[in-house]
Amino acid sequence: MPETPVFVIITHWLNVLFLLLMARSGMEVLSAFPKMYARDDCTPGREWARFSKKNFGADSRRMWSGENEEESWSSVVALPGKKNLGLGRHWHFATVPFWVLTGAVYVLLMFTSGWWRYMVPTGWDIFPDSIKAVGTYLHFQLPKPIPGEPYEPAQKLAYFVVVFLLAPFQIATGAAMSPAVLSRFPWYGKLFGGKQGARSLHFLGLVAFAGFVVLHTFLVVIHGLPKELTLITLGSELADHTVGLVIGLGLIALIIVVHAVATVFSLRRKRSTQHLLGAIVHPLEHALSRAARSHQHQRRRKISPYFRVNGYPPTDPAYDALAADGFADYRLAVGGLVEQPVSLSLPELTALGVQSQTTDHNCIQGWTGIAEWSGVPLSRVLELVKPLPSARFIVFYAMDDKGLTDEHADRYGHFYGSLEIALAADPQTILAVGMNGVPLPVEHGAPVRLRAETQLGFKMVKWLRGIEFVEDLSDIGQGQGGWREDFQQYSTYAGI
Ligand SMILES: Nc1nc2c(c(=O)[nH]1)N[C@H]1C(S)=C(S)[C@@H](COP(=O)(O)O)O[C@H]1N2
Ligand SMILES: [Mo]
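These numbers were taken from a predicted model, which means no experiment stands behind them.

### Focus on the environment of V470
Okay, so step 1: With respect to the element layout, V470 can be found in strand β12 (residues 464-470).
Okay, so step 2: Sequence spacing of V470 and H282 is 188 residues, and the spatial spacing of their C-alpha atoms is 22 Å.
Okay, so step 3: When sequence neighbours within four positions are dropped, the list of residues in contact with V470 reads L337, S390, A391, R392, F393, V395 and I476.

The following block contains the structure:
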């Protein structure tokens, strides 16, 4: 029987480490929106799978917010667990490049070394032979390896399917969920039934991977754990399996320790984790996003029948008073590092020129919605106030005090967000005053909200109170550029 090459041994164990990181961080991402929809236009309540006891329907008369759908899952299944979507996404995206690199090296060496012959079936008889092998297992016997090869037929077929079909499928469906990919290549998303279809398929891929791992581990035990661990650590079938067994169990213990350390560190040092993993992910995201221009355009007939809300409206009486007379007394203050600070009433703002855009909204949690937004291009406001050369960021302050509207006791302060000043030039960055042909409804940010279509949803501050041009974000809030970045460790880079 051929010896297991060193590259197979190394990539196998790296794969165990990375796949487990991706599966657990993927569970964290799932926990933030624990439901599956077949299509983008499915309304709440029409999910084909729901991993939550809470049920929010499109026809609920009580207001609910997308954040209410989040579940807190144990750190045993999710990385890091306990409602930490921001960190879960960081772990997921930071692991992807390493996992893909491991896979690329593995496939390359497989073909240059000739090992592919044991992995890639070259005749149709693999199917009847695999069925026979499965039958043998069902008779509580072990099928024989293919003559001259390391694996029996069902094993070879299963490995082939996982390496050459399932892994690429997860990469393809993962890319199809990315709003950055969808905004550049909308046709690609359609191949998978849109974002929600891709999300469902990606989840089914995870289930398939989990099924494989369970079966694979079970069969390794059946075939004899000491013998199999010797093969996958030392390469050959030695008479004495003690060393292989010890190394194999040692590697498994090491992987568990790495996971435990990653989990505990993430939960105790949230800010450091956000920054460390961000340093891996952000350059890759920047590079990928430069590949083509992000532009959102949807047909009006695609407008979502139901558009989720995220964040509860301001609770203070001053806001209610403003809303009571149609925001006639509303003023939007624009100042900071500008030549000409202004305070604009709604008519003064809309006099700058209103445009409409029908776009996809992507909440970081995973839900999406299409609406037509109308508003004033932010670039018009810049022409009016004339930012000073030192201004590098635009900060958007909201009227909702999250200490009052959010269910978490440890999160406080008014919601805010920021954009790099260059993003103001994007033609789809607008101060929206209307949604689907009517004035902006209260729950979607009345009277004025930001729509920056090249960004994730959390950047688009609702219930705007004021706008400030600044040089530096570090002394605003907790210094991370926004309320969700401050308190939920969302990525400081939210380009799509
Ligand atoms: N002021 C304020 N703006 C906010 C939020 C918020 O909680 N408060 N939530 C953000 C998030 S996470 C999303 S996804 C979008 C949701 O917009 P919608 O409620 O119109 O769907 O608003 C963003 N803007
Ligand atoms: Mo969001």
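### What to know about helix α9 (residues 270-289)
Okay, so step 1: Along its length, α9 shows its largest kink, about 40°, at G278.
Okay, so step 2: Where α9 is buried, its residues touch α2 (85-113), α5 (179-184), α8 (242-268) and α14 (483-488).

### A look at the packing of helix α1 (residues 6-31) against helix α7 (residues 194-231)
Okay, so step 1: In contact at an axis separation of 12 Å, α1 and α7 are set at 140° when each is read in the N-to-C sense. α1 and α7 meet at a crossing whose hand is left-handed. Contacts between α1 and α7 pair I9, H12, W13, L19, A23, M27 and L30 from the former with R199, F203, L206, F209, H216, L229 and L231 from the latter.
Okay, so step 2: Along the lines of polarity and charge, the residues of the contact of α1 with α7 split into 11 nonpolar, two polar and one charged.

### Digging into the site of ligand 1
Okay, so step 1: In the neighbourhood of ligand 1, 22 residues make up the surrounding shell, with R308, D400, H444, R449 and K462 lying closest.
Okay, so step 2: Between ligand 1 and N310, the relevant distance is 2.8 Å, taken from an oxygen atom to a main-chain nitrogen or oxygen of the residue.
Okay, so step 3: A distance of 2.4 Å is found between an oxygen atom of ligand 1 and a side-chain nitrogen or oxygen belonging to K462.
Okay, so step 4: Out of a free accessible area of 530 Å², ligand 1 has 100% covered by protein chains.
Okay, so step 5: For the shell around ligand 1, the class distribution of residues is 10 nonpolar, five polar and seven charged.

### Re the domain arrangement of the protein chain
Okay, so step 1: By domain assignment, the protein chain separates into domain 1 (6-33 + 70-286) and domain 2 (295-488).
Okay, so step 2: The C-alpha-based centres of domain 1 and domain 2 are spaced at 40 Å.
Okay, so step 3: The interface is formed by 16 residues belonging to domain 1 together with 17 residues belonging to domain 2.
Okay, so step 4: Where domain 1 touches domain 2, the interface holds one salt bridge.
Okay, so step 5: The residue K83 makes a salt bridge to E407 at a minimum N-O spacing of 3.5 Å.

### Notes on the sheet that holds strand β4 (residues 342-344)
Okay, so step 1: If you trace the five strands from one edge of the open sheet to the other, you get β4-β3-β12-β7-β8, paired in mixed fashion. Looking along the sheet, the strands with just one partner apiece sit at the ends: β4 and β8 (414-420). Going across the sheet, the axis of each strand differs from the next one's by a mean of 20°, ignoring polarity.
Okay, so step 2: Direction of pairing for strand β3 (residues 332-336) relative to β4: antiparallel, over a ladder of three bridges. Its bridge partner lying in β4, V334 is registered against V342.

Reading the values: the criteria
Residues numbered from 1 in each chain as written. Chains lettered and ligands numbered in written order. Predicted model: local features only at pLDDT ≥ 70, side-chain atom pairs only at ≥ 80, totals over all residues. Heavy atoms only, no water. Helix = DSSP H or I, 4+ residues; strand = E, 2+ residues; numbered from the N terminus. Contact = heavy atoms within 4.5 Å. Bend = angle between axes of the 7 residues up to and from the residue. Axes fitted to C-alpha atoms, helices over the stretch in contact; angles between N-to-C directions. Left-handed = near helix turned anticlockwise from the far one by under 90°. Nonpolar A, V, L, I, M, F, W, Y, C, P; charged D, E, K, R; others polar. Near = heavy atom within 4 Å. Polar contact = N/O pair within 3.5 Å; in protein donor to acceptor, adjacent residues only side chain to side chain. Areas by Shrake-Rupley, 256 points an atom, 1.4 Å probe, with all protein chains shown as cover. Domains from an automatic or database assignment. Salt bridge = Lys/Arg side-chain N within 4 Å of Asp/Glu carboxyl O. Pairing = 2+ DSSP bridges.

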